[in-house]
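Here is how the chains run, residue by residue.
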Amino acid sequence: MTLNLPPTHSLARRARLPYIARMDRERLLRELYEFLRIPSVSTLPAHDNDCRAAAEWVAAELRRLGCSEVEFLGSEKHPVVWGVGPHVPGAPTLLLYGHYDVQPPDPLHEWTTPPFEPAVRGGRLYARGAADDKGQVFAMLKAIDGGRPPVNFRFLIEGEEEYGSKVLFDLLKREPHRTKADVALVADMSYVAPDWPAVYSTLRGLCYGEITVRTAKSDLHSGEYGGAAPNAHEELARLLGRLKGEDGRVNVPGFYGPVKRPSKSELAAWKKLPFKEKDFLVKRVQAKGLTGLKKFSVLERLWALPTFEIHGILGGFTGQGAKTVIPAEATAKISLRLVPNQKLNKVQQQVAAAVKRFAPKHVTATVKFLHGADPAQIKLDHPSFKLLDQAFREVVGRGTVAARAGGSIPVVPALGASGAPVILTGIGLPDDRLHAPDEKLDLKQLWDGIAVFKRFYELLGGQ
């Protein structure tokens, strides 16, 4: 379908204040609280029933919006919620994607208030999933209220985005027609800075796995064997140090081979963004210093270079009190973020070969890959991007800027497999503390987001 762009002089900011003023914000917050209270942690089997409950919440919302079809697909535990909105003859079809699953909330003691008891402090809503991605799914759905836009809506809301999207991948392999649309909208991102909305051209890929080393048949008494027996934790630490150097370079042979630097024009555009390395360190990272490959800018390290990170180390004795053992086995949970031209399968082979190469002969080292995805690149030249730009201009007073993202949304390439342009955008802010304690979403971003999406739907439908 050809999209007809409306005049660029459409009433500036016409939708925002009247629309939001008519909405019962307290009621909306109560409804969002219900969604956020569900501890739908997809990585932990103990929360399978909670993931199902979150899917039920989404399904009930789609039925309330008048969807003629609402189905659970692919899994009983983490189903993909599929919905088909009321048919509008001759109108464009918009596919809305989001996810109802969330990251584990650990460490719990670092939360100011419990992660699944939503709380508003200083105009910010704190809860696990507030920004990633329940709050953004909520905004996309609530934007359909208050007058149905002339758009044929399709909904794919999944429950495994935080754990590789396997259910959705398998579903789309069997039933690729689910992505057939004129445009796909993914709201799981953030502004590049306050008052600076963005659309994203690139997502890094992901390779997640576990490296395990074994040094003996069983744990050993540190008094009887210490000084002679190998220690699994020590061997693992040395192995990890060989895989990633102190300077931040990943020492996996062949890892950087396909990596290409951004173009000069893209690098120049990044310099114009309101990004200050000192503010990034002090306000967002909240650390004493930054690390990584110092010859590159921080934005290039975040957006255009691959990474190797260690997420946790298991083994030995970690309970209260003391136990003097030499651990026989230790495991590190690791991930690598991938950039364009790197391929997940190839990187998995490279990592496995590097672990085998760098482990000493007296150590048995193995790698188990849990999930991953290739990087995604998106062209920003479809007319629908101009419509979203106009919607942001009217509501928040500034259009979108092009950016890259350091994170991963595994299913994005599959969403565009039928030819629909995939718009990657979002209403969060860079300091929303995704995946960390005290995750939040500013209420202003929520209200503006609902208005932006509503206006985008109207523009897409030709209003």
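For clarity, every value in this text was computed on a predicted model and none was experimentally measured.

So, how was this worked out
- Residues numbered from 1 in each chain as written.
- Predicted model: local features only at pLDDT ≥ 70, side-chain atom pairs only at ≥ 80, totals over all residues.
- Heavy atoms only, no water.
- Helix = DSSP H or I, 4+ residues; strand = E, 2+ residues; numbered from the N terminus.
- Rg over C-alpha atoms; globule rule 2.2 N^0.38 Å.
- Areas by Shrake-Rupley, 256 points an atom, 1.4 Å probe, with all protein chains shown as cover.
- Lys, Arg positive; Asp, Glu negative; His and termini not counted.
- Charge placed at Lys NZ, Arg CZ, Asp CG, Glu CD.
- Salt bridge = Lys/Arg side-chain N within 4 Å of Asp/Glu carboxyl O.
- Buried < 20%, exposed > 50% of the residue type's maximum accessible area, 1.4 Å probe, protein only.
- Pairing = 2+ DSSP bridges.
- Axes fitted to C-alpha atoms, helices over the stretch in contact; angles between N-to-C directions.
- Polar contact = N/O pair within 3.5 Å; in protein donor to acceptor, adjacent residues only side chain to side chain.
- Contact = heavy atoms within 4.5 Å.
- Expected span 1.5 Å × (residues − 1).
- 1 Å grid on protein atoms, 1.4 Å probe; cavity = no way out; pocket = protein on both sides within 12 Å on 5 of 7 lines; lining within 4 Å.
- Points joined across faces, edges and corners; volume = space filled by probe spheres on them.
- Nonpolar A, V, L, I, M, F, W, Y, C, P; charged D, E, K, R; others polar.
- Phe/Tyr/Trp six-rings, centres within 6.5 Å; stacked < 30°, edge-to-face > 60°.
- Lys NZ or Arg CZ within 6 Å of the ring centre and 35° of its normal.
- Arc of directions from axis to C-beta.
- pLDDT = per-residue confidence, 0-100.
- Core = buried A, V, L, I, M, F, W, Y, C linked by side-chain atoms within 4.5 Å.
- Parallel < 35°, antiparallel > 145°, perpendicular 65-115°, else oblique.
- Left-handed = near helix turned anticlockwise from the far one by under 90°.

Brief notes about the overall build of the chain
Stage number 1. Regarding its fold elements, the chain presents 14 helices and 18 strands.
Stage number 2. Here the C-alpha atoms of the chain give a radius of gyration of 24 Å, agreeing with the 23 Å that 2.2 N^0.38 yields for 463 residues.
Stage number 3. C-alpha extents for the chain along the principal axes are approximately 80 × 50 × 45 Å.
Stage number 4. Counting every atom, the chain has about 21100 Å² of accessible surface; 51% of that belongs to carbon and sulfur.
Stage number 5. In the chain, the 63 positive side-chain charges and the 51 negative ones have mean positions that sit 6 Å from each other.

Considering the pattern of salt bridges
Stage number 1. A full pass over the atoms with the stated rule returns 29 salt bridges.
Stage number 2. Glu234 is paired through a salt bridge with Arg238; the nearest N and O atoms lie 3.6 Å apart. Linking Glu234 with Arg238, this pair stays in helix α7 (residues 232-243), spanning 4 residues, or about one helical turn.
Stage number 3. Note on Arg238: relative accessible area 40%, which makes it partly exposed.
Stage number 4. For the salt bridge of Arg455 with Glu394, the shortest nitrogen-to-oxygen distance reads 2.6 Å. Taken together, the residues Arg455 in helix α14 (residues 443-460) and Glu394 in helix α12 (residues 383-396) connect sequence positions 61 residues apart.
Stage number 5. Residue Glu394 is classed as buried on the basis of its relative accessible area of 4%.
Stage number 6. Each of Arg27, Glu31, Glu61, Arg64, Lys142 and Asp145 takes part in salt bridges that share partners, so that together they form one network.

Re the sheet that holds strand β11 (residues 307-315)
Stage number 1. Strand order in this open sheet of 4 strands is β11-β13-β9-β14, and the pairing throughout is antiparallel. Taken across any chain shown, the strands that pair with only one partner, and hence form the sheet edges, are β11 and β14 (364-373). Averaged over all neighbouring strand pairs, the angle between strand axes comes to 20°, with direction disregarded.
Stage number 2. Relative to strand β13 (residues 329-338), strand β9 (residues 205-214) runs antiparallel, the two being bridged by 10 bridges. The residue bridging Leu206 from the neighbouring strand is Arg337, located in β13.

A short note on the side chain of Gln103
Stage number 1. Relative to the elements of secondary structure, Gln103 occurs in the loop between β3 (93-99) and β4 (119-121).
Stage number 2. A polar side-chain atom of Gln103 sits 3.0 Å from a polar atom in the side chain of Glu162.
Stage number 3. Apart from the residues lying within four places of it in its own chain, the contact partners of Gln103 are Val41, Arg128, Glu162 and His435.

Observations concerning the environment of Arg30
Stage number 1. By the element assignment, Arg30 lies in helix α2 (residues 25-36).
Stage number 2. Along the chain, Arg30 and Ala59 lie 29 residues apart, while their C-alpha atoms are 18 Å from each other.

Examining α14
Stage number 1. Across its 18 residues, α14 extends 26 Å between first and last C-alpha, which sits within 8% of the 26 Å expected from 1.5 Å per residue.
Stage number 2. When you tally the buried positions in α14, you get 17 out of 18 residues, the bulk of the element.
Stage number 3. One or two positions beyond α14, positive phi appears at Gly462, with a value near 90°.

Observations regarding the layout of surface pockets
Stage number 1. For the second largest pocket, the calculated volume is near 350 Å³.
Stage number 2. Residue lining of the second largest pocket: 14 residues in total, with Pro194, Pro274, Asp279, Lys283 and Arg284 positioned closest to the centre.
Stage number 3. Among the elements that make up the lining of the second largest pocket, the one with the highest residue count is helix α9 (residues 277-285) (4 residues).
Stage number 4. The residue inventory of the lining of the second largest pocket, partitioned by class, reads 8 nonpolar, no polar and 6 charged.

Overview of the packing of aromatic side chains
Stage number 1. Tallying each qualifying case throughout the model produces 9 aromatic pairs.
Stage number 2. Ring centres of Phe153 and Tyr457 lie 5.0 Å apart, and the angle between their planes is 75°; this geometry places the pair in the edge-to-face category. With a gap of 304 residues between them, Phe153 in strand β6 (residues 152-158) and Tyr457 in helix α14 connect regions that are remote in the sequence.
Stage number 3. Over the ring of Tyr126 we find Arg121, and its NZ or CZ is 3.9 Å from the ring centre.
Stage number 4. Sitting over the ring of Trp196, Arg398 keeps its end group 4.0 Å from the ring centre.

Remarks on helix α8 (residues 264-271)
Stage number 1. Here α8 has its buried residues at Glu266, Leu267 and Trp270. Buried residues of α8 fall within an arc of 100° about the axis and therefore sit on the same side. In α8, those exposed residues whose orientation departs by more than 90 degrees from the buried face are Lys264, Ser265 and Lys271.

Some thoughts on the pairing of β6
Stage number 1. Burial runs high along β6: 7 of the 7 residues are buried.
Stage number 2. Along β6, one buried face is formed by Asn152, Arg154, Leu156 and Glu158 and the opposite face, lined by Phe153, Phe155 and Ile157, is buried too.
Stage number 3. Direction of pairing for strand β2 (residues 80-84) relative to β6: antiparallel, over a ladder of 4 bridges. Note on β6: the bridge partner recorded for Trp82 is Leu156.
Stage number 4. One ladder, built from 7 bridges, connects β3 with β6; its direction is parallel. If you follow Leu95 over to β6, its bridge partner there is Arg154.

Some details on the confidence of the model for the chain
Stage number 1. Per-residue confidence for the chain gives a mean pLDDT of 94, with 95% of residues at or over 70.
Stage number 2. For residues 8-18, every residue scores under 50 in pLDDT, and the model assigns this stretch 19 contacts once sequence neighbours within four places are set aside.

Looking at the nonpolar core
Stage number 1. Membership of the largest hydrophobic core comes to 101 residues, with the highest contact counts inside it found for Leu94, Leu446, Phe453 and Tyr457.
Stage number 2. Broken down by element, the residue count for this core peaks at 11 residues, all from α14.
Stage number 3. Once residues within four sequence positions are removed from consideration, Tyr457 is found in contact with Leu94, Leu96, Met140, Ala143, Ile144, Pro149, Val151, Phe153 and Leu185.
Stage number 4. One finds Cys207, Tyr256, Phe308 and Leu344 within the second-largest nonpolar core, a separate group that totals 30 residues.

So, the packing of helix α4 (residues 134-142) against α14
Stage number 1. Relative orientation of the contacting elements α4 and α14 amounts to 45°, with a least axis distance of 8 Å. Considering their axes alone, α4 and α14 lie oblique with respect to each other. Classified by chirality, the crossing of α14 by α4 is right-handed. On the side of α4, the interface is formed by Gly135, Gln136, Phe138, Ala139, Met140 and Lys142, while α14 contributes Leu446, Gly449, Ile450, Phe453 and Tyr457.
Stage number 2. Looking at the contact of α4 with α14 residue by residue, the classes come out as 7 nonpolar, 3 polar and 1 charged.

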